[in-house]
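# Results of the structural survey
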Amino acid sequence: MSAEFLKALTANRLGEGDVVFWSGGQWVEQFADAELFTEEGPAEAAVALAKAQPRIVVDAYLIDVTRSDQGVAPVSYRERLRALGPTNELGHGKQALGGAAIAALQAASGAARSTGRLDLIRRK
Amino acid sequence: MYRYDAIDKEFLTDRSNEFRHQVGRRLAGELSEDQFKPLRLMNGLYLQLHAYMLRVCIPYGTLNVAQVRRLAWIARTYDKGYGHFTTRQNIQFHWVKLRDAPDILDALAEVDLHAIQTSGNCIRNTTSDPRAGATAEEIDDPRVWSEAIRQWSTLHPEFSYLPRKFKIAVTASAKDRTAARVHDIGLALRQGRDGTLGFEVMVGGGMGRTPFIGQTIKEFLPATRLLSYLEAVLRVYNRAGRRDNIYKARIKILVSSLGAEEFGRQVEEEWAQIDAARADLPDTELARIRAAFIQPGLEVLPAVSDSYEAARGANPALARFARNNVSAHKAPGYAIVDVSLKAHDATPGDANSDQLEAIADLAERFSLGDIRVTHEQNLVLPHVKQSDLPALFEGLVAVGLATPNINLVSDIIACPGLDYCALANARAIPVAQSIAQRFLDADRAELVGELKIKISGCINACGHHHVGHIGILGVDKKGEEYYQLTLGGSGAEDASIGKILGPGLNADQVAPAVDRLVEVYLAERQGEERFLDTYRRIGMTPFKEAVYVDAH
Amino acid sequence: MSTLIKYTANGATEIENSFVHVVDGEPVPQGADIIVSLGRIKAEGEALLASGVRVGVQIEPAEAVEDLAELLPRLALVAVAFPKFRDGRAYTSATLLRQRLGFNGEVRAVGDVLREQAYVMTRCGIDAFVPADGSSAAEWSRAAGHFRHVYQTAADGRTPAYAEPGRR
Ligand code: HEM
Ligand code: SF4
């Protein structure tokens, strides 16, 4: 299984705690503006640069990204929530911005959630 | 209620200044994140998914009006207008900036609040009975002892870098509202045959990935010897608790590996060597603390308020509220009122600034200015005149805080889960909401009666799922949220750890599964049995059959 | 030689550290004041103590400070080790040295010794520090003395809040 190498670099701002994404040496607020790495070399180089900024961000790490019909989105639900905000308060976090890019991320999260029904449960 | 004097206030100022200095050093790059993290954690500041989170300590769940107003102001000024009450009677703000944290701590200190030891491997806030000083059930006021523990444990030099976090609960009623048996130390006040006060000391309870019910290592510890005995327990733990593996570092692991008897023996041996005159609080200090908790302002009233009885008769909504959220006070003519933070579309434990301010106003008018936080993420107005209940009810209705569901199926504990928490596997809040939605019919919920559902978004068990009558644990199954149901847990005096029902369910299946569990209970129950009692009598099989009915 | 901060009621001062830490298995240097392990003092205690130099013992977190009880009157210092600052066992070791074993000599913190822990260390009766973070004596002193009040009795003998005259 050789999935496409597709990653983004994320962190939280030290002073504010806000989720940010790496884009060509800058930190940007929206996942849609994040730089996508298709090769390990540049991705790791960006991580090294981020780690050298301990006064600007904390906890920099690469996340897996996937392409789908809706566009690109983080693979894990956790990372999609970081890119959006909490689902119990849709007015809070980055999702408050609205727009097509946010809608695409939200759709990606919808797609990943199971829609199975109780009656389909199988006993092991 | 205990009031801070100049000494306590200066202490908080010093603490706040210290943290301001540390934040400054971090922002200036003088402290690395590795060095700073434990310092911010010791001031309750976590980095969560979307922002920093500040956990503010509410000592033994007791707040006054000015404090609640200040929390409302902080929520509005530094957060997004709400706070989240936790299972440890604290409040968390989920959208805080590190830069603002020192100002917030200053604002808290002005009303005698702080975030000391709300995280880190130290002695955390002591849990106590939210009905302390108001219920006739209690042997003594547990706040007296909780306050003694608060002072003793605050920046305790020997016990600030323990193997792991350490939580103490003090309960004084037969009915345990503190989950004492799932704390590192549970202290249950007992009356000796000679009338003296003592504690049953239970150690080694806890949840997380290896849940344990605490075991009694001392049946009757003379109450005045409390602090020296705690010192002995903590010292044995500090020396012998494991430090090589964070998952095995809690005292519960030490107690279970040594055996409670051997652990108790080591504590006794250590205790015998401690100089009581140095370690125990002098009687004068205990008397000083005790005096602070004598409740002034309670009037002599007739046992029954005619106006309240009439209002209840005329207003079915008030009558329902009274059945579920109002209970007896020790003083005739008074009542204890539970304020539910579990409206069906709300986030369990959340209160917004308007609601907090309304609660403060209502407490000022109707509850002698006293507000309590429960470990079940609700609030309590402990001293309400029965004759004021109709007006209080209207006031609560106006801000959406009159949900009549205390201890019912929709009174769900839920941790922040994947919506906020960096450690989560799955969300907890929407699951709680889906269950509450399913049991919207208040008559049916009352028919079902006491049913404690508790949801955690990961195995750390902040949502107490191990001790839910129905426990729900979020797990990550190949990137999808799944939920593991457990039955038969209890965090009360009849404490037990729940057992796994069967294969995990996805998010949409949880509420229907709960519904089926409830149907089995309703069909099987005898007499006054609660869900938990029926489960304990008939066992897992009928419940399991019902949920996995369509399996072949 | 590493900096050593001595902390007394009058504040902190930087002094030269005259003690040599002798690694187990290495020969003891002639004429120098030495710090040895608990194992070594148990094995070679009499010889070392008779040699005329000042002798200190380093206690590791897992070691029982009580094992030193009989030797304590002849020791110049006890070093309590903090391999990581999070490892809090040395706080109990220091406390017991002062409160239970009646040791009045120097108790020295070595290892991952940071200014942020100056306050708790001092309160546990530690009175000498080899800081790992380059703290000056002045910085150390400020950190250790930051709190005007304390809530509990401890090895430093400070008056707890409840015994302060101003307590109401
Ligand atoms: C959102 C940030 C939070 C984080 C990062 C967090 C982290 C943790 C961790 C790691 C544990 C396990 C500790 C252990 O077993 O050694 C734990 C336990 C616990 N947490 Fe949280 N927690 C958070 C929020 C909460 C909230 C909101 C509540 C209350 C609703 C809470 C209540 C508890 C309780 C009661 C335990 C005790 C479990 C036990 O006894 O083992 N926590 N928490
Ligand atoms: S149980 Fe897990 S998900 Fe829930 S708050 Fe605790 S650590 Fe976070």
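Numbering of residues starts from 1 in each chain and follows the order in which that chain's sequence is written. Whichever chain is written first is A, and whichever ligand is written first is 1; the rest continue in order. Side-chain atom pairs in this predicted model are given and counted only at pLDDT of 80 or more, local residue features only at pLDDT of at least 70, and totals for whole chains, interfaces and linings cover all residues. Excluded from the side-chain calculation are hydrogens and water; included are all heavy atoms of the structure.

### Structural notes on the overall build of chain A
Broken down by element type, chain A carries three helices and five strands. The helix count covers DSSP runs of H or I at least four residues long, the strand count covers runs of E at least two residues long, and both are numbered beginning at the N terminus. Across chain A, helices and strands are ordered from the amino to the carboxyl terminus as β-β-β-α-β-β-α-α. Residue burial is assigned from relative accessible area. The probe radius is 1.4 Å, only protein chains are included, and a residue is buried under 20% of its type maximum, exposed over 50%, and partly exposed in between. The buried share among the 124 residues of chain A stands at 44%. Note on contacts: a residue pair is in contact if any heavy atoms of the two residues lie within 4.5 Å. When contacts within chain A are restricted to residue pairs at least 6 apart in sequence, those whose partners lie at least 24 apart make up 53%.

### Some points on the packing of aromatic side chains
Between the rings of Phe, Tyr and Trp (Trp by its six-membered ring), a pair exists once the centres lie within 6.5 Å; its type follows the angle of the planes, with under 30 degrees stacked, over 60 edge-to-face, and the other angles tilted. Under the defined criterion, the tally for this structure stands at 22 aromatic pairs over all chains. Geometrically, the ring pair formed by A:Trp22 and A:Trp27 is edge-to-face, given 5.1 Å between the ring centres and 80 degrees between the ring planes. An aromatic cluster is built from B:Tyr2, B:Tyr4, B:Tyr60 and B:Phe293, whose rings are joined through pairwise contacts. A cation over a ring is seen here: B:Arg70 above B:Trp73, with NZ or CZ 5.7 Å from the ring centre. Directly above the aromatic system of B:Tyr247 lies the positively charged group of B:Arg209, at a separation of 3.7 Å from the ring centroid. Only Lys NZ and Arg CZ are tested; either one counts as a charge over a ring when it is within 6 Å of the ring centre and within 35 degrees of the ring normal.

### Looking at the coordination of the iron atom of ligand 1
Only one protein atom coordinates the iron atom of ligand 1: B:Cys462 (SG), located 2.1 Å from the metal. Mapped onto the secondary structure, B:Cys462 falls in the loop between strand S17 (453–456) and strand S18 (470–477). Each metal's donors are the N, O and S atoms within 2.8 Å of it, or within 3.2 Å when it is Na, K or Ca, and because water is not part of the set, sites may look incomplete.

### Some thoughts on the interface of chain C and chain B
Every contact between the two is made by 36 residues of chain C and, on the other side, 44 residues of chain B. A combined buried area of about 3,800 Å² lies between chain C and chain B, and 52% of that area is made up of carbon and sulfur atoms. The term salt bridge refers to a pairing of a side-chain nitrogen on Lys or Arg with a carboxyl oxygen on Asp or Glu at a separation within 4 Å. Inspection of the chain C/chain B interface yields eight salt bridges. C:Arg167 is the salt-bridge partner of B:Asp8, the closest N and O atoms lying 2.9 Å from each other. By convention, the term buried area covers the 1.4 Å-probe accessible surface removed from two parts as they join, with the contributions of both added.

### Observations regarding the site of ligand 1
Residue and element names in this part refer to chain B. Lining the immediate surroundings of ligand 1 are 24 residues, of which Gln-48, Thr-87, Lys-165, Arg-250 and Cys-462 lie closest. Nitrogen and oxygen atoms within 3.5 Å of one another constitute a polar contact, given that in protein one can donate a hydrogen and the other can accept it, and given that sequence-neighbouring residues count only through two side-chain atoms. In the environment of ligand 1, an oxygen atom lies 3.1 Å from a nitrogen or oxygen atom belonging to the side chain of Arg-164. Measuring from an oxygen atom of ligand 1, one finds a backbone N or O atom of Gly-208 at 3.3 Å. Of the residues contributing to the shell around ligand 1, the split by class is eight nonpolar, 10 polar and six charged. If a single non-hydrogen atom of a residue is within 4 Å of a molecule or strand, that residue counts as near it. Each residue gets one of three labels, nonpolar for Ala, Val, Leu, Ile, Met, Phe, Trp, Tyr, Cys and Pro, charged for Asp, Glu, Lys and Arg, and polar for the others, Gly among them.

### Quick look at the interface of chain B and chain A
At the junction of the two partners, chain B supplies 45 residues and chain A supplies 35 residues. Overall, the association of chain B and chain A removes approximately 3,500 Å² of surface from exposure, summing both partners, and the carbon and sulfur fraction of that is 52%. Our enumeration of links across chain B and chain A arrives at one salt bridge. With a closest N to O distance of 2.7 Å, B:Arg99 and A:Glu16 form a salt bridge. Scanning the region where chain B abuts chain A turns up 12 residue pairs in polar contact (both at pLDDT 80 or more). Where the side of chain B that touches chain A is concerned, the elements lending two or more residues are helix H1 (6–27), strand S5 (91–96), helix H15 (429–438), strand S19 (480–487), strand S21 (505–506), helix H17 (507–524) and helix H19 (541–547) of chain B. The biggest single contributor to the side of chain B that touches chain A is H17(B), with six residues.

### Looking at the domain arrangement of chain B
Residues and elements named next belong to chain B. Where each domain starts and ends follows an automatic or database-derived domain assignment. Domain annotation of chain B identifies domain 1 (6–109), domain 2 (135–292), domain 3 (306–398) and domain 4 (413–547). In this complex, domain 1 contributes 20 residues to the contact, which on the side of domain 3 involves 23 residues. Summed over both partners, the interface of domain 1 with domain 3 buries about 1,800 Å², with 55% contributed by carbon and sulfur atoms. Looking only at domain 1, the three residues that lose the most surface to domain 3 are Val-65, Arg-69 and Phe-85, adding up to 31% of its buried area. On the surface where domain 1 and domain 3 come into contact, there are four salt bridges. Glu-364 is the partner of Arg-69 in a salt bridge, and the nearest nitrogen-oxygen pair spans 2.7 Å. If you list the elements that add at least two residues to the side of domain 1 that touches domain 3, you get strand S3 (62–64), helix H3 (65–78) and strand S4 (82–85). No other element matches the seven residues that H3 contributes to the side of domain 1 that touches domain 3. Classifying every residue of the side of domain 1 that touches domain 3 gives nine nonpolar, nine polar and two charged.

### Describing the site of ligand 2
In the vicinity of ligand 2, the contacting residues are B:Cys415, B:Pro416, B:Gly417, B:Cys421, B:Leu423, B:Ala424, B:Ser456, B:Gly457, B:Cys458, B:Asn460, B:Ala461 and B:Cys462. Grouping the constituent residues of the shell around ligand 2 by class yields eight nonpolar, four polar and no charged.

### Concerning the packing of helix H5 (residues 142–153) of chain B against helix H10 (residues 283–292) of chain B
All names here are of chain B. As a packed pair, H5 and H10 sit with axes 9 Å apart at the nearest point and diverge in direction by 120 degrees. Considered as vectors, H5 and H10 are oriented oblique to each other. Seen along the crossing, H5 lies across H10 with a hand that is right-handed. On H10, the residues that touch Val-144, Trp-145, Glu-147, Ala-148 and Gln-151 of H5 are Glu-285, Leu-286, Arg-288, Ile-289 and Arg-290. The axes are straight lines fitted to the C-alpha atoms, using for helices just the contacting stretch, and the angles between their N-to-C directions are given from 0 to 180°. Between 65 and 115 degrees an angle is taken as roughly perpendicular, under 35 as roughly parallel, over 145 as roughly antiparallel, and anywhere else as oblique. Note on convention: near helix rotated counterclockwise from far helix by under a right angle means a left-handed crossing. Clockwise means right-handed.

### Details of the pairing of S5(B)
Residues and elements named next belong to chain B. The buried fraction of S5 amounts to six of the six residues, a majority that puts the element mostly inside the structure. Both strand S2 (residues 52–56) and S5 contribute to a ladder of four bridges, which runs antiparallel. The residue of S5 that forms the bridge with Tyr-52 is Val-96. Whether two strands pair comes down to DSSP finding at least two bridges between them. Note that S4 and S5 share two bridges and pair antiparallel.

### Brief notes about the sheet that holds strand S5 (residues 71–74) of chain A
Paired through their backbone hydrogen bonds, the strands of a sheet run either parallel or antiparallel. Residue and element names in this part refer to chain A. Strand order across the open sheet formed by five strands is S3-S2-S1-S4-S5, with antiparallel pairing between neighbours. Every other strand in the sheet has two partners, leaving strand S3 (26–28) and S5 as the edge strands with one partner each. Adjacent strand axes in the sheet meet at a mean angle of 40 degrees, parallel and antiparallel pairs treated alike.

### A word on the environment of A:Gly17
Residue and element names in this part refer to chain A. Counting through the fold element by element, Gly-17 comes out in the loop between strand S1 (7–13) and strand S2 (19–23). Given the relative accessible area of 0%, Gly-17 is considered buried. Along the primary structure Gly-17 and Val-58 are separated by 41 residues, whereas in three dimensions their C-alpha atoms are 8.3 Å apart.

### Observations regarding the side chain of B:Thr347
Looking at the secondary structure, you find B:Thr347 in the loop between strand S12 (334–339) and strand S13 (350–352). Accessibility expressed as a relative area gives 6% for B:Thr347, which makes it buried. A polar side-chain atom of B:Thr347 sits 2.8 Å from a polar atom in the side chain of A:Asn88. Filtering out sequence-adjacent residues up to four positions away, B:Thr347 remains in contact with A:Asn88, B:Leu341, B:Ile429 and B:Gln433.

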